[in-house]
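Each chain is listed here by its residues.
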Amino acid sequence: MSQLDGSREQWNSRLGFILAAMGSAVGLGNIWRFSYVTGENGGAAFLLIYLLCILLIGLPIIMAEFTIGRRAQSDAVGSFEKLAPGKPWVLAGILGVASAFIILSFYGVVAGWSVFYFVQYLIGGLNASPADGFDGFFVGFISNSWQPLIWQFLFMAFTIGIVFVGVKKGIERANKILMPLLAILVIVLAGYSMTLGGAQDALAFLFSPDWSVLGDLDVYLAALGQAFFSLSLGMGALITYGSYLKKEHKLPGAAASVATLDTLFAVIAGLMIFPAVFAFGIDPGSGAGLAFITLPGIFDNMALGQMYGILFFFLLSAAALSSAVSLLEVAVAYFIRKFDWSRKKASLIIGGLIFLLGVPASLGNGVLGGVSFFGQPDLIDSYDFLASNIFLPLGGLIIALFVGWGWKKAEVLKESDFGNTGLGNTWIFLLRIVAPALILIVFITGLGIF
Ligand code: PHE
Ligand code: NA
């Protein structure tokens with residue numbers, strides 16, 4: 001991005017914008033979170049609900065966020081204040097800034113794990129199966145008090161540094177090379193993982209639905225939350241990125257590319273992880289460590305496993321970094337405008353606070369092991385549940401209603417680049433009726449509100 005008028009930045013090109021949005025979307029959500037949430041929720045039937053959430057709720061709301069951001073040219077909160085002054089829609093922006101704090105606080109912890117694994121592979125610490133196995137190694141590491149905090153700190157320092165210096169353009173450029181590399185690597189690893197003997201079980205688990213799973217109402221909320229989390233949706237990250245966009249860029253194509261790429265990444269990551277899960281006899285529902293326990297097992301079986309381990313965890317950490325930057329940017333952009341802080345001051349203070357908020361999340365795997373909320377197993381899951389399953393869909397609901405009902409339809413169609421077309425009108429219908437109704441139904445059933 002470059003400073004055009006000294007106050008607000010702009011992407012230099014349409015490509016820069018799409019790359020940034022893709023960089024935000026593709027991250028730990030596709031590999032770490034997608035695999036363990038799919039595993040916990042029974043596989044194929046969950047996957048189907050997840051895909052429906054993306055198509056009927058996610059995609060229309062991505063377009064809604066892009067449209068709001070580009071029109072308003074402001075941050076998650078300011079955009080609503082500008083387009084609908086004095087109206088309650090701004091609640092979506094406020095929830096968004098809160099979500100950015102909560103999500104980045106635990107995202108930094110898990111990204112820290114990824115950086116740690118990268119360094120372990122680099123120094124050859126995982127070249128042989130550890131005495132207590134890869135799961136013993138993982139649990140030993142995350143339950144330690146200081147070690148994970150150090151890596152979380154390091155990761156957050158990188159994230160803050162990038163937002164501080166404003167070298168996001170550098171990240172987009174790097175992503176242009178690193179994201180395709182990660183894609184190729186995940187495909188190669190999926191191919192290899194299929195040869196380990198668990199391919200049949202994995203394909204059945206992922207693609208042949210056990211419909212009885214659908215009787216469990218938690219599955220719908222989990223799928224909805226995963227869709228919002230993975231698409232970076234419902235908290236104004238895409239409003240903020242859209243706001244750095246000039247008028248001449250077309251939005252619908254960008255929205256479709258982001259959703260498609262993110263979903264492909266997740267499904268292929270599933271094809272990488274689950275064959276190995278079944279080959280090694282790991283329980284698919286074993287929780288948040290699934291990827292960190294399974295992948296080292298894959299590398300352990302491979303010729304040149306250390307090289308694959310180094311490459312994989314490096315690329316995963318880089319993907320996490322571009323997502324973390326977008327999370328921090330939501331909060332920083334708001335504080336810069338609202339309190340007239342400099343970018344440097346805002347990055348340091350907000351980034352520092354988010355790191356501190358993440359400290360208990362990290363310790364929740366060890367000394368704070370007994371503490372949790374909302375019926376979740378630990379603190380990371382508690383943070384994650386509140387932000388991803390409640391705040392993001394709620395923010396998305398408000399955004400859909402705002403664009404669907406709170407804004408003049410003719411203007412929305414024009415601002416979205418759809419124009420008065422069949423596709424545009426379908427989009428409006430999804431925003432007005434379908435997405436809000438589905439989100440409400442999932443909330444009501446999944447949270448047992450009635
Ligand atoms: N979408 C990112 C991922 O899948 C996480 C994220 C969520 C980023 C919300 C920004 C906003 O890893
Ligand atoms: Na994602």
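Being a predicted model, the structure only gives us computed values, none of them experimental.

1. Remarks on the coordination of the sodium ion (ligand 2)
Here's step 1: Taken together, the protein ligands of the sodium ion (ligand 2) are Ala 25 (O), Asn 30 (OD1), Ser 230 (O), Ser 230 (OG) and Asp 262 (OD), with distances of 2.2 to 2.5 Å.
Here's step 2: Around the sodium ion (ligand 2), the six donor atoms sit at angles spanning 77 to 168 degrees, and that spread fits a shape best called octahedral.
Here's step 3: Donor residues for the sodium ion (ligand 2), ordered by position in the chain, follow A-x4-N-x199-S-x31-D. Residue Asn 30 is found in helix H2 (residues 28-40), and its partner Ser 230 is found in helix H10 (residues 218-230); the two are separated by 200 residues along the sequence.
Here's step 4: On the basis of relative accessibility, which here comes to 0%, the residue Ser 230 falls in the buried class.

2. Quick notes on the pattern of salt bridges
Here's step 1: In total, this model carries eight salt bridges according to the counting rule given.
Here's step 2: Residues Arg 337 and Asp 75 are paired through a salt bridge, measuring 2.4 Å at the closest nitrogen-oxygen approach. Taken together, the residues span a long stretch of sequence, with Arg 337 in helix H14 (residues 305-339) and Asp 75 in the loop between helix H3 (44-72) and helix H4 (76-83) at a distance of 262 residues.
Here's step 3: On the accessibility criterion, Asp 75 (1% relative accessible area) is buried.
Here's step 4: What emerges from the salt-bridge pattern is a single network uniting Arg 71, Glu 411, Lys 414 and Glu 415.

3. Some details on the packing of helix H5 (residues 91-122) against helix H6 (residues 133-143)
Packed helix pairs are specified by the crossing angle of their axes together with the interaxial distance, meaning the distance between the axes.
Here's step 1: Remark: H5 packs on H6, axes separated minimally by 12 Å, with the N-to-C direction vectors making an angle of 125 degrees. On the basis of their axis angle, the class for H5 and H6 is oblique. Relative to H6, H5 is oriented so that their crossing is right-handed. Across the interface between the two elements, Trp 113, Phe 116, Tyr 117 and Gln 120 of H5 pack against Phe 137, Phe 138, Phe 141 and Ile 142 of H6.
Here's step 2: Tallied by class, residues from the contact of H5 with H6 come to seven nonpolar, one polar and no charged.

4. Regarding the nonpolar core
Here is a general trend for soluble globular proteins: nonpolar side chains tend to be buried in one another's company.
Here's step 1: Trp 113, Met 272, Phe 312 and Phe 313 are the most contacted members of the largest nonpolar core, which totals 168 residues.
Here's step 2: Beyond its immediate sequence surroundings of up to four residues, Phe 313 is in contact with Ser 114, Tyr 117, Phe 118, Tyr 121, Phe 292, Leu 295 and Phe 299.

5. Details of the environment of Gly 375
Here's step 1: Mapping Gly 375 onto the fold places it in the loop between helix H15 (343-363) and helix H16 (379-405).
Here's step 2: As for Gly 375 and Lys 344, which are separated by 31 residues in sequence, their C-alpha atoms are 38 Å apart.

6. Details of the confidence of the model for the protein chain
Here's step 1: Put simply, the protein chain has an average pLDDT of 94, and 97% of its residues get 70 or more.
Here's step 2: In this model, residues 1-6 is a region of pLDDT below 50 whose contacts with residues beyond four sequence positions or in other chains number twelve contacts.

7. Describing the site of ligand 1
Here's step 1: Neighbouring residues of ligand 1: 14 residues in total, closest Ala 25, Gly 29, Tyr 107, Phe 229 and Ser 232.
Here's step 2: Within the backbone of Ser 230, a nitrogen or oxygen atom sits 3.0 Å from a nitrogen atom of ligand 1.
Here's step 3: Side-chain polar atom of Ser 232 to a nitrogen atom of ligand 1: 2.9 Å apart, as the coordinates give it.
Here's step 4: For ligand 1, the accessible surface in isolation is 330 Å², of which the surrounding protein chains cover 100%.

8. Overview of the packing of aromatic side chains
Here's step 1: Applying the stated criterion across every chain yields a total of 38 aromatic pairs.
Here's step 2: Measuring from ring centre to ring centre gives 5.9 Å for Phe 339 and Trp 341, while their planes differ by 40 degrees; the resulting arrangement is tilted.
Here's step 3: Taking the relative accessible area as the measure of exposure, Phe 339 reaches 42% and is therefore partly exposed.
Here's step 4: An aromatic cluster is built from Trp 113, Phe 116, Tyr 117, Tyr 121, Phe 137, Phe 138, Phe 141, Trp 151, Phe 292, Phe 299, Phe 312 and Phe 313, whose rings are joined through pairwise contacts.
Here's step 5: In this structure, Lys 344 is placed above the aromatic ring of Phe 164, and the distance from its NZ or CZ to the ring centre is 5.0 Å.
Here's step 6: Just above the ring of Trp 405 sits the side chain of Arg 432; from NZ or CZ to the centre is 4.7 Å.

9. Section: helix H9 (residues 199-207)
Here's step 1: Turning to H9, its buried residues number three or more, namely Ala 199, Ala 202, Phe 205 and Leu 206. Down the axis of H9, the buried set is contained in an arc of 130 degrees. They therefore lie on one face.
Here's step 2: Against the buried residues of H9 lie H2, H3 and helix H12 (251-279).

Parameters and conventions
Per chain, residue numbering runs from 1 following the sequence as it is written. Chain letters start at A and ligand numbers start at 1, both assigned in the order the entries are written. Side-chain atom pairs in this predicted model are given and counted only at pLDDT of 80 or more, local residue features only at pLDDT of at least 70, and totals for whole chains, interfaces and linings cover all residues. Side-chain numbers here rest on the full set of heavy atoms in the structure, without hydrogens or water. Here a donor is any nitrogen, oxygen or sulfur atom (N, O, S) within 2.8 Å of the metal, with 3.2 Å used for Na, K and Ca; water is not among the atoms considered, so some sites may look incomplete. Here the metal geometry follows the donor angles, with tetrahedral for four donors whose angles all fall between 85 and 135 degrees, square planar for four and octahedral for six when opposite donors are more than 155 degrees apart and every other angle is between 65 and 115, and irregular for all the rest. Here a strand is any run of E in DSSP of at least two residues, a helix any run of H or I of at least four, and the numbering for each starts at the N terminus. Classification of residues uses two cut-offs on accessible area relative to the type maximum, computed with a 1.4 Å probe and protein chains only: under 20% is buried, over 50% is exposed, and between them is partly exposed. Each reported salt bridge corresponds to a side-chain nitrogen of Lys or Arg within 4 Å of a carboxyl oxygen of Asp or Glu. Axes, fitted as lines to C-alpha atoms, cover a helix only where it is in contact. Angles between the N-to-C directions of the axes lie from 0 to 180 degrees. Convention used here: angles under 35 degrees read as roughly parallel, angles over 145 as roughly antiparallel, angles from 65 to 115 as roughly perpendicular, and any remaining angle as oblique. Helix crossings fall into two classes, left-handed where the near helix is turned counterclockwise from the far one by less than a right angle and right-handed where it is turned clockwise. Residue contacts follow a heavy-atom distance rule, with two residues in contact if any of their heavy atoms lie within 4.5 Å. Residues were grouped as follows: Ala, Val, Leu, Ile, Met, Phe, Trp, Tyr, Cys and Pro as nonpolar; Asp, Glu, Lys and Arg as charged; and all remaining residues, including Gly, as polar. Among buried residues, those of type Ala, Val, Leu, Ile, Met, Phe, Trp, Tyr and Cys that are joined through side-chain atoms within 4.5 Å constitute a nonpolar core. In predicted models, pLDDT denotes the confidence assigned by the predictor to each residue on a 0 to 100 scale. Residues are labelled near a given molecule or strand when at least one of their non-hydrogen atoms is within 4 Å of it. Any pair of nitrogen or oxygen atoms within 3.5 Å is treated as a polar contact; in protein, a donor-acceptor pairing is required on top of that, and neighbouring residues in sequence qualify only through side-chain atoms on both sides. The method behind every accessible area is Shrake-Rupley, applied with a 1.4 Å probe, and residues are considered shielded solely by the protein chains displayed. Put simply, two rings from Phe, Tyr or Trp (the six-membered ring, in Trp's case) pair if the centres are within 6.5 Å, and we call them stacked under 30 degrees between planes, edge-to-face over 60, tilted for the rest. Working rule: Lys NZ or Arg CZ, within 6 Å of ring centre, within 35 degrees of ring normal, means a charge sits over the ring. What the arc measures is the spread of directions leading from the helix axis to the C-beta atoms.

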